[in-house]
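Analysis of the macromolecular model
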Amino acid sequence: MEEPVEDSFDQAVKLPQKRFYRQRAHSNPIADHSFEYPTRPDLSNWNDLYPNVGDRCVAFADIGCGYGGFLVTLGETYPDKLALGMEIRVKVSDYVMDRIKALRQRHKGRYENIACIRTNAMKYLPNYFRKHQLEKLFFLYPDPHFKKAKHKWRIINSTLLSEYAYVLRPGGQIYTVTDVRELHEWMCKHIEEHPCFRRLPEGEAQQDILAPKLLDSSEEGQKVTRMSGEKFMAIFTRV
């Protein structure tokens, strides 16, 4: 077991308050948004996001990271890995960026391995990550897009799964969590049908170090818990 990290805590630094960053729960991923993005991965300036990036590469991507609760937990769980939150909503991504900045000021030397950018992962994921770069991809409580005509907007679909297979290294993993049974079944069906992925048996998935954190560390997960809602989790390996 790792020794706890010595924490230099500065109480004077206040964390941002979500009530000042409220926005609609979901955003249309197909609509035209104004984004700056690299034309290819090697043009990404990671030094602007990670103070001590060195020659390391981002290993984890939290797609639609929301208010960053799981992203923070991910950084604490894997202090030597770089994790990136990708969020399409302006105010929500601003909140996560301000939250990380405040955490770094509060706890000197910590939280330098997590960062957030505002982008549309459905369009620009290969602009940021090289082939087989990522170890883990997370899709926690994605927009269910209930109407059949909007199913093409779902973050898990046949076309996008080929992009995820491209950026995810063999042996890497996709994690999905939702409180909507129909969406859970949709995601599992599409991922299992893709030749590049294999679903982990339930018992093996429950042994994953992140399993309990996936369900409750995000703000959306905590909301589902308060409402006594169901949660559905699945983990898939890149073959």
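Whatever comes next refers back to the structure up there.
Structure report, in brief. (Residues numbered from 1 in each chain as written. Predicted model: local features only at pLDDT ≥ 70, side-chain atom pairs only at ≥ 80, totals over all residues. Heavy atoms only, no water.)

Concerning the packing of aromatic side chains
Each aromatic ring pair is specified by the distance between its two centres and by the angle formed by the two planes. With the rule as written, the count across this model stands at twelve aromatic pairs. Here phenylalanine 138 and tyrosine 175 contribute two aromatic rings whose centre-to-centre distance is 4.7 Å and whose plane-to-plane angle is 25°, an arrangement assigned as stacked. With phenylalanine 138 in strand S4 (residues 134–140) and tyrosine 175 in strand S5 (residues 168–178), the pair connects residues that are 37 residues apart, well separated along the chain. Across this residue pair, the class does not change: phenylalanine 138 and tyrosine 175 are buried. On the numbers, 4.9 Å between centres and 45° between planes, the contact of phenylalanine 139 with tyrosine 164 is tilted. Taken together, the residues phenylalanine 139 in strand S4 and tyrosine 164 in helix H4 (residues 158–167) connect sequence positions 25 residues apart. Using a relative accessible area of 1% as the deciding quantity, one classes tyrosine 164 as buried. (Phe/Tyr/Trp six-rings, centres within 6.5 Å; stacked < 30°, edge-to-face > 60°. Helix = DSSP H or I, 4+ residues; strand = E, 2+ residues; numbered from the N terminus. Buried < 20%, exposed > 50% of the residue type's maximum accessible area, 1.4 Å probe, protein only.)

A closer look at the side chain of threonine 176
With respect to the secondary-structure elements, threonine 176 resides in strand S5. Apart from residues no more than four positions distant in its own chain, threonine 176 is found in contact with Phe139, Met187, Ile191, Phe232, Met233, Ala234 and Phe236. (Contact = heavy atoms within 4.5 Å.)

Description of helix H2 (residues 90–106)
Residues spaced three or four apart along an α-helix point in a common direction, a consequence of the helix completing one turn every 3.6 residues. When the terminal C-alpha atoms of H2 are compared, their 24 Å separation across 17 residues agrees well with the 24 Å that a helix rising 1.5 Å per residue should span. By the burial criterion, the buried members of H2 are Val92, Ser93, Tyr95, Val96, Arg99, Ile100, Ala102, Leu103 and Arg106. Taken together, the buried residues of H2 touch helix H1 (69–77), strand S2 (82–87), strand S3 (114–118) and helix H8 (219–226). (Expected span 1.5 Å × (residues − 1).)

Remember, this is a structural readout, not a statement about activity or role.
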